[in-house]
Amino acid sequence: VSLTLADLARHADAKLIGDGQYVIHGVGTLQGAAPGSISFLSNSRYRKYLQITQASAVILQEQDLEYCPVNALVVDNPYLAYARIAALFAPRQEVSAGIHHSAIISPSARVDETASIGPLAVIGDDCVVGPRATIGPGCVLEQGVSVGNDTRLVANVTICWGCRIGARGLIHAGVVIGTDGFGLARERDVYIKVPQLGIVDIGDDVEVGANTTIDRGTIENTIIENGVKLDNQIQIGHNVMIGSNTVIVACSAIAGSTVIGKNCTLAGGVGLVGHIELADGVTITGMSMVTKSLNKPGVYSSGTPLSSSEQWHKNAVRFRQLDDMARRLKQLEKELATLKKG
Amino acid sequence: VSLTLADLARHADAKLIGDGQYVIHGVGTLQGAAPGSISFLSNSRYRKYLQITQASAVILQEQDLEYCPVNALVVDNPYLAYARIAALFAPRQEVSAGIHHSAIISPSARVDETASIGPLAVIGDDCVVGPRATIGPGCVLEQGVSVGNDTRLVANVTICWGCRIGARGLIHAGVVIGTDGFGLARERDVYIKVPQLGIVDIGDDVEVGANTTIDRGTIENTIIENGVKLDNQIQIGHNVMIGSNTVIVACSAIAGSTVIGKNCTLAGGVGLVGHIELADGVTITGMSMVTKSLNKPGVYSSGTPLSSSEQWHKNAVRFRQLDDMARRLKQLEKELATLKKG
Amino acid sequence: VSLTLADLARHADAKLIGDGQYVIHGVGTLQGAAPGSISFLSNSRYRKYLQITQASAVILQEQDLEYCPVNALVVDNPYLAYARIAALFAPRQEVSAGIHHSAIISPSARVDETASIGPLAVIGDDCVVGPRATIGPGCVLEQGVSVGNDTRLVANVTICWGCRIGARGLIHAGVVIGTDGFGLARERDVYIKVPQLGIVDIGDDVEVGANTTIDRGTIENTIIENGVKLDNQIQIGHNVMIGSNTVIVACSAIAGSTVIGKNCTLAGGVGLVGHIELADGVTITGMSMVTKSLNKPGVYSSGTPLSSSEQWHKNAVRFRQLDDMARRLKQLEKELATLKKG
């Protein structure tokens with residue numbers, strides 16, 4: 001792919017400073033870019049790299065322009081403009097419409113003629129695959145699954161019966177959507193399985209990271225709204241609801257029936273117990289444990305800081321004495337007050 | 001599926017209050033059920049929803065009966081009775097006995113004629129698949145695997161060589177059973193792999209959640225006893241033993257050679273170090289870290305509570321000073337005692 | 001497999017004490033070994049089992065020799081010697097060179113004639129599979145992937161476009177290598193995907209555990225150096241670099257752009273934030289949270305110890321008061337000092 005800087009400026013809605021006819025062949029970091037590439041500076045902290053960059057053009061903010069020794073595209077949000085421009089240079093997966101001869105398609109499935117079904121994919125009874133959707137190699141759709149237009153399942157994805165995925169989604173390899181929720185009724189010492197009858201209903205423009213698992217609802221549905229972005233190895237329990245444009249980083253786990261608002265951010269390794277609600281706009285920092293509903297937007301944390309194991313052992317032992325320490329502190333305060341009076 | 005309330009009462013061993021000839025077509029929540037459905041009330045806290053339910057019958061306890069405006073099935077454990085009744089209405093996966101033409105079956109494998117081998121499944125040498133077992137699409141059984149009667153592997157499951165799964169099991173999509181344990185012997189800076197020669201031996205009535213991984217034993221076996229229920233994305237190390245009817249919630253991890261008793265409950269995200277033992281009847285709350293054996297049943301926890309990040313930062317810094325604080329507190333107590341004496 | 005003790009001693013570079021013509025048929029634990037087996041004692045704590053072992057020979061250190069009632073192989077590192085010997089007795093997966101008739105191979109792929117491509121594997125355009133490499137059943141290689149000599153992909157593995165795996169690797173079932181990094185640029189409330197254009201570049205002698213996921217780089221590559229050993233269900237973010245012979249235990253997660261040195265050990269469930277660096281030789285204990293760079297080798301920890309839930313609740317509440325407690329403690333010290341002076 002080769003594009004002029006003028007083309008790129010138009011595409012990213014940027015102000016061009018420099019040679020609009022210059023031809024760009026790819027993207028790179030400020031430190032690593034080859035001549036002929038375009039790079040970006042989104043944090044002024046890295047301004048020093050402008051001096052040494054081999055990039056032929058840099059996307060940056062007005063405030064950094066004076067330090068830029070090469071062509072520049074000036075925008076408010078360089079990372080966003082970079083994302084748009086990099087997409088032009090991303091290699092296309094060569095996917096051709098049609099059904100690979102090795103795929104197994106139920107006669108009752110409806111696959112749009114512009115869709116692509118990869119090698120060794122399995123499409124169950126009554127499935128619907130929309131226009132320009134791509135079902136990658138080794139993917140399995142159980143019966144009654146629907147996949148919206150322009151959605152891509154990368155490879156070895158499993159979608160269980162009846163689940164629905166909207167348009168323009170991206171479901172990475174190894175994802176399992178619609179597996180049974182973990183519902184057990186106890187009968188003396190033994191557990192009886194509670195049938196999981198709801199589906200997973202995923203909106204449009206949703207990305208689901210590799211090996212993430214999303215449980216189907218017990219009676220009603222598990223719901224992932226439009227624009228939600230899930231990273232790898234996330235676990236979503238049955239009947240969870242995730243509001244639109246919420247972002248969840250890898251290895252987080254949401255227990256059943258919990259409701260997460262819109263525009264929330266959960267960092268990596270966060271755990272939420274079941275049956276709680278998070279307001280819109282809540283941010284949780286990494287590895288935090290959330291055991292109660294959060295009614296107000298804001299940034300929340302839990303956990304303890306790292307130290308040398310030797311130091312940590314000494315302090316961790318004291319954690320078990322905290323309540324005792326707090327009581328003794330109060331007692332000391334009382335006694336001292338008495339002493340001072342007397 | 002359509003069944004009379006009298007049928008359902010018989011099936012759930014319930015006392016019927018109302019019209020036994022009323023025909024029920026499905027299940028629903030108290031809030032969401034359509035007319036013609038049956039719902040349940042297992043927690044009196046939700047008793048208020050009885051007034052507004054559109055369900056035509058409700059499974060409940062004697063104590064809630066007087067508040068129920070519709071037909072009722074009275075039982076001691078409504079959730080258990082619901083589980084039994086919902087199973088009657090669960091859609092059947094249409095699985096027909098026999099081997100799909102696209103499956104790859106070793107000539108030396110013994111597949112019961114009532115078993116079902118799905119599209120693109122791979123059954124290795126000397127495998128045994130029992131009566132009415134279902135091996136779903138994309139599943140891989142390496143050589144010498146045995147799968148008991150009525151067990152189902154959903155899809156894209158991998159069972160490594162020699163492993164054994166009992167009867168009536170349910171192994172969800174993406175599960176890997178019998179992968180090598182993480183055994184490394186150090187030789188100067190380099191690690192040499194320790195061969196993992198044991199198998200995974202899984203009892204009857206075991207459920208394994210999506211993308212869970214269970215390591216094979218190093219010399220002897222990894223053992224999962226009857227009735228164990230594992231949720232999604234759990235990691236079980238080599239030579240772990242899990243006692244019967246123990247339940248482990250998603251994203252927990254058990255390091256090698258640890259022994260968990262019967263009837264234990266591990267909530268989500270729990271971590272156990274290796275080479276410890278948990279007594280029967282132990283419960284661990286979510287995200288706890290277990291580094292020592294627990295000899296007595298009971299409920300155990302670790303972790304820190306969530307607060308605003310601003311508050312959390314102030315407190316977390318102090319965690320590093322805890323031992324120092326404890327010593328200063330003791331010193332103050334001494335000095336104050338001296339002052340009071342003097 | 002049957003080998004004399006003299007053979008085994010030669011193979012493990014051990015001093016043989018006993019009958020060199022004795023024939024060994026397998027390995028076992030000290031407690032579980034059958035006659036005709038060889039066992040090992042690597043920790044003198046377990047010396048008592050020497051008295052009861054049915055093993056016909058034991059690998060041990062000089063210091064334990066006098067307690068050994070059977071044949072012995074004396075070495076400095078019994079576990080390492082055991083690893084070498086056990087490898088001789090490990091059952092061989094019967095893998096024959098060649099391409100299974102059900103595999104789907106792009107005409108532009110170059111598969112070495114000594115490589116083995118299993119049933120229902122998919123090899124994309126321009127892939128290169130080296131000598132004696134094994135691509136197991138259900139594995140998917142997108143376009144342009146290269147797999148080095150003697151590397152084995154077990155089953156249902158997905159390697160995304162352009163990624164490179166070195167020689168003598170072992171990639172367990174369900175692994176996903178080269179999935180998109182989690183790069184999002186915010187545009188008002190909506191997130192725009194940042195193309196992930198780098199690859200994952202994996203060195204030689206690397207093991208990757210089941211269902212682990214490794215993200216491709218955003219612009220430059222994610223790099224796993226020679227001899228790295230990754231356990232199951234690990235998540236490696238985009239542009240992470242892991243130094244040679246570093247070992248990471250199950251369920252750990254490394255956020256994007258973090259650099260881990262050589263010869264590090266991360267225990268299970270550890271989390272590292274992005275954009276930090278760990279020096280060579282760092283060890284992190286289980287479930288620790290690492291939020292800052294570590295410039296010196298050493299052992300580091302975070303977390304809180306387990307207690308009964310009742311005790312834990314009392315102490316956890318106080319965690320929220322820690323800063324307040326620290327201030328009050330300081331105030332008391334001041335006041336007491338004043339009192340003592342006065």
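We now turn to the structure provided with this report. (Residues numbered from 1 in each chain as written. Chains lettered and ligands numbered in written order. Predicted model: local features only at pLDDT ≥ 70, side-chain atom pairs only at ≥ 80, totals over all residues. Heavy atoms only, no water.)

It is worth spelling out the sheet that holds strand β31 (residues 247-248) of chain C at this point. A sheet is described by the order of its strands in space; here 12 strands give the open sequence β40(A)-β39(C)-β37(C)-β34(C)-β31(C)-β28(C)-β25(C)-β20(C)-β17(C)-β14(C)-β11(C)-β8(C), paired in mixed fashion. Only two strands of the sheet have a single partner each, and these edge strands are β40 (307-308) of chain A together with β8 (98-99) of chain C. As paired strands, strand β28 (residues 229-230) of chain C and β31 of chain C are joined by two bridges and run parallel to one another. Counterpart to L230 of chain C in the pairing with β31 of chain C is I248 of chain C. (Pairing = 2+ DSSP bridges. Helix = DSSP H or I, 4+ residues; strand = E, 2+ residues; numbered from the N terminus.)

As a further point, take the side chain of S302 of chain C. Within the fold, S302 of chain C resides in the loop between β39 (298-301) and β40 (307-308). Separated by 3.0 Å, the side chain of S302 of chain C and the backbone nitrogen of M289 of chain C make a polar contact. Beyond its immediate chain neighbours, meaning those up to four positions away, S302 of chain C contacts T304, P305, L306 and W312 of chain A, M289 of chain B together with M287, S288 and M289 of chain C. (Polar contact = N/O pair within 3.5 Å; in protein donor to acceptor, adjacent residues only side chain to side chain. Contact = heavy atoms within 4.5 Å.)

Many structure descriptions define interface size as the accessible area lost when the parts assemble. Each side of the interface is counted separately: chain C has 73 residues, and chain A has 76 residues. Between chain C and chain A lies a buried interface of about 6100 Å² when both sides are counted; carbon and sulfur atoms form 63% of it. Applying the counting rule to chain C against chain A returns six salt bridges. For E142 of chain C, the salt bridge identified is with R152 of chain A, shortest N-O distance 3.0 Å. Summed over the shared surface of chain C and chain A, the result is 27 residue pairs in polar contact (both at pLDDT 80 or more). Residue assignment for the side of chain C that touches chain A shows that the elements contributing at least two residues are β21 (176-179), β22 (184-187), β23 (190-193), β26 (213-215), β38 (289-290), β39, α3 (309-319) and α4 (322-341) of chain C. Split by residue class, the side of chain C that touches chain A holds 37 nonpolar, 23 polar and 13 charged. Taken together, the two bridges between β40 of chain A and β39 of chain C define a ladder with antiparallel strand orientation. Paired with S308 of chain A across the bridge in β39 of chain C is Y300 of chain C. (Buried area = accessible area lost by both parts, 1.4 Å probe. Salt bridge = Lys/Arg side-chain N within 4 Å of Asp/Glu carboxyl O. Nonpolar A, V, L, I, M, F, W, Y, C, P; charged D, E, K, R; others polar.)

One pass over the structure, following the stated rule, counts 51 salt bridges over all chains. For D189 of chain A, the salt bridge goes to R186 of chain A, with nearest N and O atoms at 3.5 Å. With a relative accessible area of 39%, D189 of chain A lands in the partly exposed category. Because the salt bridges share partners, they merge into one network encompassing D180 and K193 of chain A together with E207 of chain B. (Buried < 20%, exposed > 50% of the residue type's maximum accessible area, 1.4 Å probe, protein only.)

What follows is about helix α1 (residues 5-12) of chain C. All of the buried residues in α1 of chain C are L5, L8, A9 and A12 of chain C. Along α1 of chain C, the residues classed as buried sweep out an arc of 100° about the axis, all on the same side. (Arc of directions from axis to C-beta.)

For the rest of this paragraph, the subject is the interface of chain B and chain C. Tallying the contact residues gives 73 residues for chain B and 76 residues for chain C. It is F182, I219 and M289 of chain B that lose the most area in chain B upon contact with chain C, and together they represent 11% of the buried surface on that side. Applying the counting criterion to the chain B and chain C interface returns six salt bridges. Between R328 of chain B and E333 of chain C there is a salt bridge, with the nearest N and O atoms lying 2.7 Å from each other.

Overlaying chain B with chain C gives an RMSD of 0.1 Å, the required rotation being 120° about an axis along which the chain moves by 0.0 Å. Such a combination of turn and shift is consistent with a three-fold rotation axis. (Least-squares fit on C-alpha atoms with pLDDT ≥ 70 in both.)

What follows is about the packing of aromatic side chains. Enumeration according to the criterion identifies 12 aromatic pairs over all chains in this entry. A ring pair is formed by F40 of chain C and Y82 of chain C, whose centres lie 4.5 Å apart and whose planes are at 25°; its orientation type is stacked. Note that F40 of chain C is positioned in strand β5 (residues 37-40) and Y82 of chain C in helix α2 (residues 78-89), a separation of 42 residues in sequence. One exposure class covers both F40 of chain C and Y82 of chain C, and it is buried. Taken together, a centroid distance of 6.2 Å and an interplanar angle of 20° make the contact between Y46 of chain C and Y49 of chain C stacked. For Y49 of chain C, a relative accessible area of 21% corresponds to the partly exposed category. Each member of the aromatic cluster is reached from another via a ring pair, and the members are F40, Y79 and Y82 of chain A. Its guanidinium or amino end placed over the ring of W161 of chain C, R216 of chain C lies 3.6 Å from that ring's centre, counting from NZ or CZ. (Phe/Tyr/Trp six-rings, centres within 6.5 Å; stacked < 30°, edge-to-face > 60°. Lys NZ or Arg CZ within 6 Å of the ring centre and 35° of its normal.)

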